[in-house]
There are 2 protein chains.
Amino acid sequence: MNIGEVAERSGIPPKTIRYYEDIGLVRPQRSGNGYRAFRETDLHKLAFLGRARALGFSIEDCRNLLSLYEDETRESAQVKAIAEEHLSAIDDKIAQLQEMRETLSHLVEACRGDHRPDCPILKDLSGDLKNIR
Amino acid sequence: MNIGEVAERSGIPPKTIRYYEDIGLVRPQRSGNGYRAFRETDLHKLAFLGRARALGFSIEDCRNLLSLYEDETRESAQVKAIAEEHLSAIDDKIAQLQEMRETLSHLVEACRGDHRPDCPILKDLSGDLKNIR
DNA sequence: TATAGGGCTTCCAGTCACTGGAAGCTCAAG
DNA sequence: CTTGAGCTTCCAGTGACTGGAAGCCCTATA
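To start, this report covers the structure provided alongside it. (Residues numbered from 1 in each chain as written. Chains lettered and ligands numbered in written order. Predicted model: local features only at pLDDT ≥ 70, side-chain atom pairs only at ≥ 80, totals over all residues. Heavy atoms only, no water.)

## Here's the deal with the environment of Asp124(B)
All names here are of chain B. For Asp124, the position within the fold is in helix α6 (residues 120-125). Given a relative accessible area of 2%, Asp124 falls into the buried group. C-alpha separation for the pair Asp124 and Leu107, spaced 17 residues apart in sequence, amounts to 8.0 Å. (Helix = DSSP H or I, 4+ residues; strand = E, 2+ residues; numbered from the N terminus. Buried < 20%, exposed > 50% of the residue type's maximum accessible area, 1.4 Å probe, protein only.)

As structure tokens, this is what we get:
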């Protein structure tokens, strides 16, 4: 398979696939003309990467997950540890965003949004704490 | 004020303050010895930036918010528009993270996490859909 | 007065995970 | 034989910093 077909079938853009090769996540062979020649296992790996990335795993996590995937002697505890750590990072991020959301939505509600310059959002950002919060 | 004191009082690291000068967010004067000389208004601006960044506004948003802040003829509608757009971006991000969280937490629960290699997380990533989901 | 230290300066490089673009080779169709 | 799509490599840019090196400036102490 050439890169275009693999991109199509894995849902990962060619540029990204080349990048993944650069950083050693996949190692496709080469045809005589210099084109990358992907096997089914490469496609499989890329699809794996696509799903792991969609779950928000970092590239380094993906690298580790892939190597665990290929290691018959892995312990599922190793996989679970990576996943749990990532899960808790996600939870942290959600909490942080919800805190922003909370503050910001109050400010937005308090702002009339008309032609006048008076604005509680700017007031809050400027450090004036006499605000709806 | 030198950069150290401003950093202290604004809560923004010196490196970041220099970066903000680089990209034109603040324009401190200079002392005879080449040191940056910050006025109270610079400090105020940096604190404004710190709070806006803490609410997740991009640097470009911050630039616009600052210039609205300094514009006596602004309309609060302009500020509100920026804030609302940002708020909806935050909502999108939260939704996306919660979807990840949903999938991932089911997978983590389903994984025994012991010494055996069998792992529903890897199974899911490998594209096997016969899974708890 | 020499020196030690801490603070300040600039500049360059690295982060993360791509993404865009340019220049040029290969291949299949007409 | 040309056209156009697909492939190659390499370089640069994204966002918002952050780390580090090399070197100047200032103050305090021995």
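## A closer look at the interface of chain A and chain B
With 51 residues of chain A in contact, the opposing surface of chain B contributes 51 residues. Between the two partners, chain A and chain B, sit two salt bridges. Between Asp91(B) and Arg101(A) there is a salt bridge, with its nearest N and O atoms 2.6 Å apart. Across the chain A-chain B interface, the total number found is 20 residue pairs in polar contact (both at pLDDT 80 or more). Considering every element that reaches the side of chain A that touches chain B, the biggest residue donor is helix α5 (residues 76-110) of chain A, with 21 residues. Looking at the side of chain A that touches chain B residue by residue, the classes come out as 26 nonpolar, eleven polar and 14 charged. (Contact = heavy atoms within 4.5 Å. Salt bridge = Lys/Arg side-chain N within 4 Å of Asp/Glu carboxyl O. Polar contact = N/O pair within 3.5 Å; in protein donor to acceptor, adjacent residues only side chain to side chain. Nonpolar A, V, L, I, M, F, W, Y, C, P; charged D, E, K, R; others polar.)

## Some remarks on the protein's contact with DNA strand D
The immediate surroundings of DNA strand D are formed by 19 residues, with Tyr35(A), Arg36(A), Lys15(B), Tyr20(B) and Arg53(B) found nearest. Among all atoms of DNA strand D positioned within 4 Å of the protein, those belonging to sugar or phosphate total 66%. Taking Asn33(B), its side chain carries an N or O atom lying 3.3 Å from a phosphate oxygen of DNA strand D. In this structure, Ile59(B) approaches DNA strand D through a main-chain N or O atom, which is 3.5 Å from a phosphate oxygen. (Near = heavy atom within 4 Å.)

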